[in-house]
Amino acid sequence: KNEVEQSPQNLTAQEEEFITINCSYSVGISALHWLQQHPGGGIVSLFMLSSGKKKHGRLIATINIQEKHSSLHITASHPRDSAVYICAVGAQKLVFGQGTRLTINP
Amino acid sequence: NAGVMQNPRHLVRRRGQEARLRCSPVKGHSHVYWYRQLPEEGLKFMVYLQKENIIDESGMPKERFSAEFPKEGPSILRIQQVVRGDSAAYFCASSPFGGGNQPQHFGDGTRLSIL
């Protein structure tokens, strides 16, 4: 079993739909990161959180330390949100989930 | 551009050649991390360096791979005698300090292809 598990692996939705991507981890952590990777492109750090909830524009990330679970939500999704979303945990040495490939159709 | 700069973006090598990947961290960042993304796989940690020191190289293959982050200049990931299985995207990230709870700033990666 991987230390970081994401679900779903693939997600296709229509524009404007509310999106939720889940991340469960089995190790103790100091922080959890949500990253975005576009095809053939670089990696952008979206959030780093160790408790509670963070919001940036249409993106919301939550974490439940007791349940070792985090969610990334996208409100009013748009085709430009299509990307791979990656959950990672750790201090210096990040351990990554396999990623969730999100496709938003117009 | 004050972000992490990696070059080259794409690198093609023949089997047996050497590959050198460069990473210039965000200005003022003294901690650098290298990650590898094999085709159709997730990202994996390779090595964590601070200026002139290797802090954690537990993810580095035992042979052919080495990394450095000199006092001056970029961090270098060096792969000697490349093989087809080295084909991957190599990402560098940097942070201002070590320890936990530090956001890591990622570069755009170097796509290495071995012929």
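These numbers were taken from a predicted model, which means no experiment stands behind them.

Observations regarding the packing of aromatic side chains
Under the defined criterion, the tally for this structure stands at four aromatic pairs over all chains. Ring geometry for Phe96 of chain A against Tyr35 of chain B: centres 5.1 Å apart, planes inclined by 90°, an arrangement best described as edge-to-face. Residue Phe96 of chain A is located in strand E10 (residues 95-96), and its partner Tyr35 of chain B is located in strand E4 (residues 31-37); the two belong to separate chains. For the pair Phe96 of chain A and Tyr35 of chain B, one class covers both residues: buried. A centroid spacing of 4.8 Å and a plane angle of 10° characterise the contact between Tyr33 of chain B and Tyr48 of chain B, whose relative ring orientation is stacked. Taken together, the residues Tyr33 of chain B in strand E4 and Tyr48 of chain B in strand E5 (residues 43-50) connect sequence positions 15 residues apart.

Some words on the sheet that holds strand E7 (residues 59-64) of chain A
Two pairing modes exist for strands in a sheet, parallel and antiparallel, and in both the strands are linked by backbone hydrogen bonds. Residues and elements named next belong to chain A. One open sheet accounts for five strands, arranged E1-E3-E8-E7-E6; its pairing is antiparallel. The two strands at the open ends of the sheet, each matched to only one other strand, are strand E1 (4-7) and strand E6 (52-56). Shown here is a sheet whose adjacent strand axes are inclined to one another by a mean of 15°, direction ignored. The sheet contact formed by E1 and strand E3 (residues 19-25) spans four bridges and is antiparallel. Bridging from a neighbouring strand, Ser7 pairs with Asn22 of E3.

Observations concerning the state of the cysteines
In total, this model carries two disulfides over all chains according to the counting rule given. Covalent S-S linkage joins Cys23 of chain A and Cys87 of chain A, the inter-sulfur distance amounting to 1.9 Å. Given an S-S torsion of about -60°, the disulfide between Cys23 of chain A and Cys87 of chain A has left-handed geometry. Here Cys23 of chain A, found in strand E3, pairs with Cys87 of chain A, found in strand E9 (residues 83-89); they are 64 residues apart in sequence, far enough to count as distant. Accessibility expressed as a relative area gives 0% for Cys87 of chain A, which makes it buried. Linked covalently through their sulfurs, Cys23 of chain B and Cys92 of chain B form a disulfide whose S-S length is 1.8 Å. Its S-S torsion of about -55° marks the bond between Cys23 of chain B and Cys92 of chain B as left-handed, since a negative value means left-handed. Within this pair, whereas Cys23 of chain B is found in strand E3 (residues 19-24), its partner Cys92 of chain B is found in strand E9 (residues 88-95), the two being separated by 69 residues in sequence. Under the relative-accessibility criterion, Cys92 of chain B is labelled buried at 0%.

Thresholds, definitions, all that
Residues numbered from 1 in each chain as written. Chains lettered and ligands numbered in written order. Predicted model: local features only at pLDDT ≥ 70, side-chain atom pairs only at ≥ 80, totals over all residues. Heavy atoms only, no water. Phe/Tyr/Trp six-rings, centres within 6.5 Å; stacked < 30°, edge-to-face > 60°. Helix = DSSP H or I, 4+ residues; strand = E, 2+ residues; numbered from the N terminus. Buried < 20%, exposed > 50% of the residue type's maximum accessible area, 1.4 Å probe, protein only. Pairing = 2+ DSSP bridges. Axes fitted to C-alpha atoms, helices over the stretch in contact; angles between N-to-C directions. Disulfide = S-S within 2.5 Å.

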